[in-house]
Amino acid sequence: MTVNKLEIIKQELKKTSALGLSMRLKLFLFLMVLVVVMVLGVIVVFLLTGTFTAGLGMNEKLFSDNLNHAFRSISKQYGQLSAQAVEFAGDLSISMENTLREKGRTVTDLQDHPEILEDLLTGEYQRALFSLQRAKSSGVFIILDATVNPKLENAADSRAGLFIKNMEPNILSASSPTILLLRGFPGIGRKNHISMHAQWSMEFDTSSAPYYRIPMLEATRQKLSLSRLYYWNPAATLPGTSEEVMLCSVSLLDSKGNVFGICGFEVSAMLFKLAHMPDSSTYTRLFCMLAPVSGNGLDTSGAMFSGGYSARSIFLQEQPLTIEKHRRFFFRYTEEGGNTYLGFHLPVEMYPRDSAFYDQKWAVALMAPAEDIKNSLAGFNFRLAVLFAVLMGLGIVISVFLSRLYIKPIIEGLDKIKSEVLDDASKTKIPEIDELIEFLSARLHEKSSRESQEKDLSSTMLNDFIKNLPTLSPAERAVFNLYVRQHTAKEIAGILCLSINTIKTHTKRIYSKLNVSSRAELLLLINMLKEAGREFK
Amino acid sequence: MKTRIIIFGFGISLFLFAGLLTGCQGDNVLDPKKPVVITIWHNYGGPMKYTMDELIDEFNETVGAEKGIILSITSISGSATLHEKLVMAANRDPGAPEFPDITTAYPKTAIILAQKDLLGDIGEQFTDEELSAYVPQFLAEGRLFDEELYIFPTAKSTEVLFVNKTVFDRFAYDTNIGYEDLQTFEGIAKTAAEYYEWTSRQTGGPANMGSMFFMADSLFNLTMIAYRQLGEDFLKDNRLNLSSPVFSRIWEFFYEPAVRGHLAVFDGYAADLMKTGDIICALGSTAGVLFYPSTVTSVSNITEQVEYAVLPCPVFEGGKKVALQRGCGMCVIKSTKEKEYAAGIFLKWFTEPEQNLRFISSTGYLPVTKEAFGEIMVKEMGNVSDPSIQKLLGTAIEMHQEYDFFLPPVFDEFDDLQKQYEKELKAVALESRKEYGELLEHMDADTAFEQVKEKRGLFLGTGD
């Protein structure tokens with residue numbers, strides 16, 4: 001069956017190559033060539049201008065813009081808080097030392113005279129509150145290296161102090177209680193009309209509190225200025241609380257260099273989230289992160305997050321994220337046994353060069369789950385492909401339509417010509433064809449007028465011939481009749497028994513009288529007469 | 001001609017098809033490939049934050065991922081602060097925050113927003129059948145004006161009596177006082193006097209240095225409930241009805257114990273005083289249960305592990321069992337159709353008995369569906385890990401069956417009236433207490449009190 005079909009196709013092709021393609025088909029093919037060239041041209045332009053990789057390029061710009069923005073806002077917030085913590089520590093140290101001196105005490109007496117703790121801390125409440133509000137932080141804390149009841153069992157890990165939380169640092173003037181007492185003497189709260197936090201306890205549990213031990217240790221070991229001794233503790237949840245926070249601690253030192261406690265500010269997970277929200281209109285799961293750098297990765301267990309999506313829940317096992325370069329554009333961040341993210345990161349300086357903690361490296365990263373980026377790229381390119389398909393389809397349709405539209409009048413015109421009805425009424429409105437029709441029409445007229453002219457001419461000639469016939473002498477007439485019978489001159493000489501020269505002479509006279517110039521012409525006229533049915537005698 | 005039409009038709013359908021592919025996708029309103037982000041403010045902070053976080057994460061990972069909704073918490077604050085923020089935003093004050101898509105709110109906040117036409121009608125997202133699953137009074141509270149449901153019930157509460165059982169048991173053991181004495185307000189006053197004497201004897205100090213026993217978080221609420229229990233209305237025509245004889249009963253209950261130091265007069269929450277052992281009995285919202293920690297800390301930082309008893313709201317002698325219906329719900333701020341629809345989906349899921357029970361078993365709020373309030377709660381109660389909450393839920397079931405619930409009216413001046421009333425009451429009490437304290441140096445307690453009382457006269461009229 002197929003063999004037959006092939007044969008048929010072969011025949012058709014042969015026929016076509018013999019005959020040539022129809023105008024319509026040719027035009028259609030030419031138009032298609034045009035369409036294909038245009039589409040290819042667009043593709044080339046896209047390739048050259050990098051529109052195909054624009055998907056990726058757009059991503060890169062979006063990410064780097066967001067990252068720079070997050071980097072700037074995080075650097076600013078942390079820088080300002082660090083500076084303010086240092087200032088707070090300096091002022092507090094002086095103030096406390098003075099207060100103690102007025103009571104005849106020094107900072108080294110705190111452990112042995114716990115009765116002075118409450119008054120001391122009460123006296124610093126206003127300063128702490130003011131600093132808190134000025135710093136727009138979510139909490140301010142003071143921890144003294146002493147406890148109110150040294151006889152208790154866990155006294156060694158219980159430190160007296162003050163922790164004031166501001167639940168809404170961004171509200172300018174709040175008449176509602178956004179200030180809560182998280183740690184400290186209840187009397188301080190009651191005196192200043194602030195409520196206790198639901199998770200209040202009187203003192204700090206410092207059993208595992210790097211934010212307390214580390215800065216105090218460094219301050220004892222190294223003689224540096226306070227601005228080189230502040231410490232940012234990676235994100236952690238304080239015992240008995242429910243929110244992850246980062247604390248900036250600065251040691252409290254008296255004029256003799258004795259370290260007697262710490263103080264500082266808090267950045268809560270909510271404050272961080274609201275302050276550094278990236279633009280997630282393109283990628284809903286885009287988030288930024290401030291994380292400690294450990295080896296070749298980012299430590300998510302100590303990081304702070306900001307993003308519309310609850311990034312906290314993404315990092316299931318709190319594994320470190322390993323960083324690797326991914327193709328031309330992104331970095332890839334992989335969680336062992338977990339998810340992959342694509343994005344960028346920048347190292348951020350949390351400490352000055354000669355700080356005791358300069359070796360603690362941090363980075364600001366901006367990333368989204370890898371599948372989100374791949375999906376959006378695929379989506380983008382898919383849409384481009386569909387667009388091209390649509391263009392091609394459209395091209396085909398329009399080509400077919402146009403070729404039909406163009407050819408139809410031509411065919412009509414040709415038909416018209418074939419019909420030979422070539423009067424003025426049948427104009428096709430196609431200049432070239434109308435011209436042809438005009439030309440053919442003229443030629444036809446010419447021909448028929450020439451024909452009729454010829455006819456006229458021959459009519460005239462015939463009439464003259466018949467008129468002149470009687471002028472022939474009998475001898476000439478005899479020769480003439482024999483010529484009519486198709487005899488040659490020689491034969492006529494024989495028949496009439498005359499000499500050839502006599503015949504020739506007669507012939508010459510006949511020609512002259514009948515106004516012909518050759519025997520052929522003579523015979524022609526005779527034929528014409530015969531055909532015209534004219535008698536001659 | 002026919003072929004022309006066919007070609008044209010084909011071309012157009014190609015265009016439409018392409019448009020469909022590149023343009024819209026997904027079902028109806030939401031698209032899982034392009035999730036819509038819903039911001040939410042709530043007041044379930046502190047120890048409740050963990051539960052809320054868990055629930056919201058679970059929503060995002062299940063229903064949210066399926067339908068294309070991402071819920072993002074952008075504020076956790078006390079209800080008073082949320083009220084302030086929302087009012088600021090509604091008034092477009094300078095520095096006002098941007099509205100969230102969903103927020104918890106009390107009726108007083110919701111009314112302000114609804115009047116400015118800022119709230120969406122949540123009823124539109126539910127079918128009648130779905131709505132019938134909810135406790136009708138809770139829905140009624142959310143319909144501020146007519147049919148529109150502006151506050152969706154998510155976390156209801158009532159007022160109950162929290163008692164530091166550990167200390168009370170010691171006290172009860174030494175005296176004739178028992179838990180049944182805490183069933184009436186008059187009984188509480190009597191108990192408070194006894195407790196004062198007992199604590200005074202315990203410390204071995206002077207006779208008039210006992211401890212306070214009781215405090216009500218809101219004197220205004222107490223007064224409103226008392227009136228209802230005794231068959232009257234405290235608020236008439238949006239003004240305080242102080243001429244009623246009921247008021248003298250309340251005054252009697254409050255004034256003497258307050259002056260004598262049996263009852264705390266304090267500007268903050270009763271839970272703060274419970275935390276430090278300054279009182280051992282408080283009348284407060286069930287929503288505050290987590291603010292009564294299992295550790296009570298004394299001034300010298302000595303801590304004691306304590307257990308609580310949660311008892312039904314006390315009643316004035318001869319009165320009916322009436323308690324307050326409180327609690328906030330969630331409001332949906334008007335925005336786009338997609339966001340309102342998504343918010344509806346979240347609210348539906350959040351208040352489904354399974355999630356609702358998880359929420360209440362770690363927060364102390366009350367269930368909002370009839371199903372959850374009924375059999376399920378009785379079954380699930382055993383699984384509640386926090387003992388205080390377990391007891392609270394038991395009391396709530398009991399009250400649900402035996403008490404009538406009173407919905408406080410909502411009107412513009414309500415807040416001011418409340419503040420003014422409590423301020424004046426406390427001011428008078430504290431002043432008298434000071435005088436009493438001074439007189440105590442010269443005479444015995446009873447005489448001192450009579451003198452102060454006479455001087456003061458009956459407290460009359462306030463807050464007009």
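Predicted model only: the values in this text are computed from it and were never measured. (Residues numbered from 1 in each chain as written. Chains lettered and ligands numbered in written order. Predicted model: local features only at pLDDT ≥ 70, side-chain atom pairs only at ≥ 80, totals over all residues.)

**As for the overall build of chain A**
Okay, so step 1: Within chain A, the regular secondary structure consists of 14 helices and 16 strands.
Okay, so step 2: Relative to the compact-globule value of 24 Å for 537 residues, chain A shows a C-alpha radius of gyration of 57 Å, a clear excess of over 25%.
Okay, so step 3: Across its three principal axes, chain A shows a C-alpha extent of roughly 185 × 50 × 45 Å.
Okay, so step 4: Taking all 537 residues of chain A together, the buried fraction comes to 32%. (Helix = DSSP H or I, 4+ residues; strand = E, 2+ residues; numbered from the N terminus. Rg over C-alpha atoms; globule rule 2.2 N^0.38 Å. Buried ≥ 20, exposed ≤ 12 C-beta atoms within 10 Å, placed from the backbone.)

**What about the sheet that holds strand S6 (residues 214–216) of chain B?**
Residue and element names in this part refer to chain B.
Okay, so step 1: Read across the sheet, four strands follow the order S6-S9-S5-S12 without closing on themselves; strand pairing throughout is mixed. Whereas interior strands pair on both sides, the edge strands pair on one side only; in this sheet they are S6 and strand S12 (308–311). Averaged over all neighbouring strand pairs, the angle between strand axes comes to 25°, with direction disregarded.
Okay, so step 2: Where strand S5 (residues 159–164) lies against strand S9 (residues 281–285), five bridges are found, and the strand directions are antiparallel. Its bridge partner being in S9, Phe 162 is matched across the sheet by Ala 282.
Okay, so step 3: The strands that helix H7 (residues 165–174) touches are S5 and S12; relative to S5, the one it contacts most, it runs at about 65°.
Okay, so step 4: The strands that helix H15 (residues 387–402) touches are S5 and S12; relative to S12, the one it contacts most, it runs at about 15°. (Pairing = 2+ DSSP bridges. Axes fitted to C-alpha atoms, helices over the stretch in contact; angles between N-to-C directions. Contact = placed C-beta atoms within 7 Å.)

**What about the sheet that holds strand S14 (residues 326–332) of chain B?**
Residue and element names in this part refer to chain B.
Okay, so step 1: Taken together, five strands build an open sheet; the order of strands is S2-S1-S3-S14-S4 and the sheet is mixed. The sheet is open, and its two edges are formed by strand S2 (69–76) and strand S4 (152–157), each paired on a single side. Sheet twist, expressed as the mean angle between neighbouring strand axes with direction ignored, is 20°.
Okay, so step 2: As defined by bridge partners, strand S3 (residues 102–105) adjoins S14 across four bridges and the pair is classed as antiparallel. Its bridge partner lying in S14, Ala 105 is registered against Gly 329.
Okay, so step 3: Where helix H2 (residues 49–67) meets the sheet, it contacts strand S1 (36–42) and S2, and its direction lies at approximately 160° from that of S2.

**Structural notes on the packing of helix H2 (residues 23–49) of chain A against helix H9 (residues 370–419) of chain A**
All names here are of chain A.
Okay, so step 1: At a minimum axis separation of 9 Å, H2 and H9 run at an interaxial angle of 150°. In this view, H2 runs roughly antiparallel relative to H9, as classed from their interaxial angle. As H2 runs across H9, the sense of the crossing is right-handed.
Okay, so step 2: The class makeup of the residues in the contact of H2 with H9 is 16 nonpolar, three polar and two charged. (Parallel < 35°, antiparallel > 145°, perpendicular 65-115°, else oblique. Left-handed = near helix turned anticlockwise from the far one by under 90°. Nonpolar A, V, L, I, M, F, W, Y, C, P; charged D, E, K, R; others polar.)

**A short note on the domain arrangement of chain A**
Okay, so step 1: One can read the domain layout of chain A as domain 1 (77–273) and domain 2 (431–532).
Okay, so step 2: For domain 1 of chain A versus domain 2 of chain A, the distance between C-alpha centres works out to 141 Å. (Domains from an automatic or database assignment.)

**Topic: unusual backbone geometry**
Okay, so step 1: In this structure, Gln486(A) takes a positive phi of about 70° despite not being glycine.
Okay, so step 2: You can see Gln486(A) is positioned in the loop between helix H11 (474–484) and helix H12 (489–496).
Okay, so step 3: One non-glycine residue with positive phi stands out, namely Arg92(B), at about 50°.
Okay, so step 4: Looking at where Arg92(B) falls in the secondary structure, it is placed in the loop between helix H3 (79–91) and S3.

**Thoughts on the environment of Ser73(A)**
Residues and elements named next belong to chain A.
Okay, so step 1: Tracing the backbone through its elements, the reader meets Ser 73 in helix H3 (residues 54–102).
Okay, so step 2: Overall, the presence of 16 C-beta atoms within 10 Å leaves Ser 73 in the partly exposed class.
Okay, so step 3: Sequence separation between Ser 73 and Ala 275 is 202 residues; the distance between their C-alpha atoms is 7.8 Å.
Okay, so step 4: Setting aside chain neighbours within four positions, we find Ser 73 in contact with Ala 275 and His 276.

**Some points on the packing of helix H10 (residues 245–260) of chain B against helix H17 (residues 445–456) of chain B**
All names here are of chain B.
Okay, so step 1: As a packed pair, H10 and H17 sit with axes 11 Å apart at the nearest point and diverge in direction by 125°. Taken as axis vectors, H10 and H17 run oblique relative to one another. By crossing handedness, the relation of H10 to H17 is classed as right-handed. Across the interface between the two elements, Glu 256, Val 259 and Arg 260 of H10 pack against Ala 445, Phe 449 and Val 452 of H17.
Okay, so step 2: Class assignment of the residues belonging to the contact of H10 with H17 gives a composition of four nonpolar, no polar and two charged.

**A few points about the environment of Arg249(B)**
All names here are of chain B.
Okay, so step 1: Its location among the elements puts Arg 249 in helix H10.
Okay, so step 2: By C-beta crowding, Arg 249 is classed as buried, having 20 other C-beta atoms within 10 Å.
Okay, so step 3: Once the C-alpha coordinates of Arg 249 and Phe 185 are considered, the two residues, 64 residues apart in sequence, prove to be 9.9 Å apart.

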